[in-house]
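Here is how the chains run, residue by residue.
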Amino acid sequence: MSTNQSRTAPPSLSVVIPVYNEEQWIVRSVGAIVAAARHAEWPVEVIVVDDGSTDGTAASLAKLAAEHGITVISQPNMGRFDARRNGMAKASGEMLMLLDSRVIVAETALSFLRDQLVDHPERKVWNGHVDIASKGNPYAAFMAAMVKIPWRRYCANPRLMSYGIEDFDVYPKGTTYFCAPKALFEEAATAFESLYDDVKLSSDDTKLLRWVAEPPAS
């Protein structure tokens, strides 16, 4: 028996992608995650939640569903948090990845994650390293600079870091490319309280991620 065949199987994975008016980007995003899953030889459930798009996103998703067998959920425009929560409720994987529709994962990204989850099952929470494509885009260049200034030490030397409250402010993180056990996400989503009456206006990133880093004692 080969080494690969004798290794422990990875946990099942669901990827939830909220999308709003991204008919071109969603094709690239889904295509990239499907290619990464194929490269990793890891069956992945992909769930895209269309948050009330008014452009051609629905048509793009219909084609992607036919081509790749992804699951598409359509809802009125309720914001990214509710879109993710509805996708999470549909997900069947032990692990859940939150992915934004403008994130194009590298072909080897899931191979790395798969190996880490198999070889180091104690490492359950993963925040992906995201490079901002800023060439020819002043706004993206500004955002990239905003990331690199406060986290310049990490950006100068990207590396594996622990995910916990001690290192929480040492490196950039966000729900744009984030993976953790589904059960943990469900607890965090239940505990989440928006600062706005209209949850569509809320940013779930900081409070959700900080809860995962340091969940309250039971």
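Residues numbered from 1 in each chain as written. Predicted model: local features only at pLDDT ≥ 70, side-chain atom pairs only at ≥ 80, totals over all residues. Heavy atoms only, no water.

(A) Up close: the overall build of the protein. Helix and strand counts for the protein stand at 9 helices and 6 strands. Taking all 218 residues of the protein together, the buried fraction comes to 42%. Expressed as a percentage of contacts within the protein between residues at least 6 apart in sequence, the contacts between residues at least 24 apart total 77%. As presented, the protein carries roughly 12,200 Å² of accessible surface, and 53% of it is formed by carbon and sulfur atoms. (Helix = DSSP H or I, 4+ residues; strand = E, 2+ residues; numbered from the N terminus. Buried < 20%, exposed > 50% of the residue type's maximum accessible area, 1.4 Å probe, protein only. Contact = heavy atoms within 4.5 Å. Areas by Shrake-Rupley, 256 points an atom, 1.4 Å probe, with all protein chains shown as cover.)

(B) Highlighting the sheet that holds strand β6 (residues 177-181). One open sheet holds the 6 strands; their spatial order is β3-β2-β1-β4-β6-β5, and the pairing between them is mixed. The open sheet is flanked by β3 (71-75) and β5 (126-127), the only strands paired with a single partner. Relative to strand β4 (residues 95-99), strand β1 (residues 13-19) runs parallel, the two sharing 4 bridges. Residue pairing across strands places Ser14 opposite Leu96, the latter belonging to β4. (Pairing = 2+ DSSP bridges.)

(C) Spatial organisation of the packing of helix α2 (residues 25-40) against helix α3 (residues 57-68). Look at α2 against α3: their axes get within 10 Å of each other, and the N-to-C directions meet at 20 degrees. Accordingly, the angle class assigned to the pair α2 and α3 is roughly parallel. Crossing handedness for the pair α2 and α3: right-handed. Here Ile26, Val27, Val30 and Val34 of α2 lie close against α3, whose contacting residues are Ser60, Leu61, Leu64 and His68. When its residues are assigned to classes, the contact of α2 with α3 shows 6 nonpolar, 2 polar and no charged. (Axes fitted to C-alpha atoms, helices over the stretch in contact; angles between N-to-C directions. Parallel < 35°, antiparallel > 145°, perpendicular 65-115°, else oblique. Left-handed = near helix turned anticlockwise from the far one by under 90°. Nonpolar A, V, L, I, M, F, W, Y, C, P; charged D, E, K, R; others polar.)

(D) Representation of helix α5 (residues 109-119) in the model. Judged by how many residues are buried, α5 sits mostly within the fold: 8 of 11 residues are covered. Taken together, the buried positions of α5 are occupied by Ala109, Leu110, Ser111, Leu113, Arg114, Gln116, Leu117 and Val118. On its buried face, α5 is in contact with β1, α2, β2 (44-51), β4, β5 and β6.

(E) Broad picture of the environment of Ala191. Position of Ala191 among the secondary structure elements: in helix α8 (residues 182-191). Relative accessible area serves as the criterion here: at 36%, Ala191 is assigned to the partly exposed category. In this structure, the C-alpha to C-alpha distance between Ala191 and Lys207, residues 16 residues apart in sequence, is 9.5 Å.

(F) Summary view of the pairing of β1. Of all 7 residues making up β1, 7 are buried, and the element is well covered by its neighbours. Bridging between β1 and β2 involves 7 bridges; their strand directions are parallel. For Pro18, the partnering residue across the bridge sits in β2 and is Val49. Note on the crossover from β1 through α2 to β2: the handedness is right-handed. (Right-handed = clockwise from strand over helix to strand, strands pointing away.)

(G) Focus on the nonpolar core. The biggest cluster of nonpolar side chains holds 30 residues, and the ones touching the most others in it are Ile33, Val48, Met97, Val105 and Leu110. Mapped by element, the contributors of at least two residues to this core are β1, α2, β2, α3, β4, α5 and β6. In contact with Val48, other than residues within four places in its own chain, are Ile17, Val19, Ile26, Val30, Leu61, Ile70, Thr71, Val72 and Ile73. Among the nonpolar cores identified, the runner-up in size contains 26 residues, and Val16, Leu98, Leu208 and Val212 belong to it. (Core = buried A, V, L, I, M, F, W, Y, C linked by side-chain atoms within 4.5 Å.)

(H) Seen up close, the packing of aromatic side chains. Scanning the model with the defined rule gives 5 aromatic pairs in all. Judged by centre distance (6.3 Å) and plane angle (70 degrees), the rings of Tyr163 and Phe168 are edge-to-face. Grouping residues by exposure puts Tyr163 and Phe168 together as buried. Taken together, the ring pairs in this structure connect Tyr163, Phe168, Phe178 and Phe185 into an aromatic cluster. The positively charged end of Lys173 is found above the aromatic ring belonging to Tyr171, 4.3 Å away from the centroid. (Phe/Tyr/Trp six-rings, centres within 6.5 Å; stacked < 30°, edge-to-face > 60°. Lys NZ or Arg CZ within 6 Å of the ring centre and 35° of its normal.)

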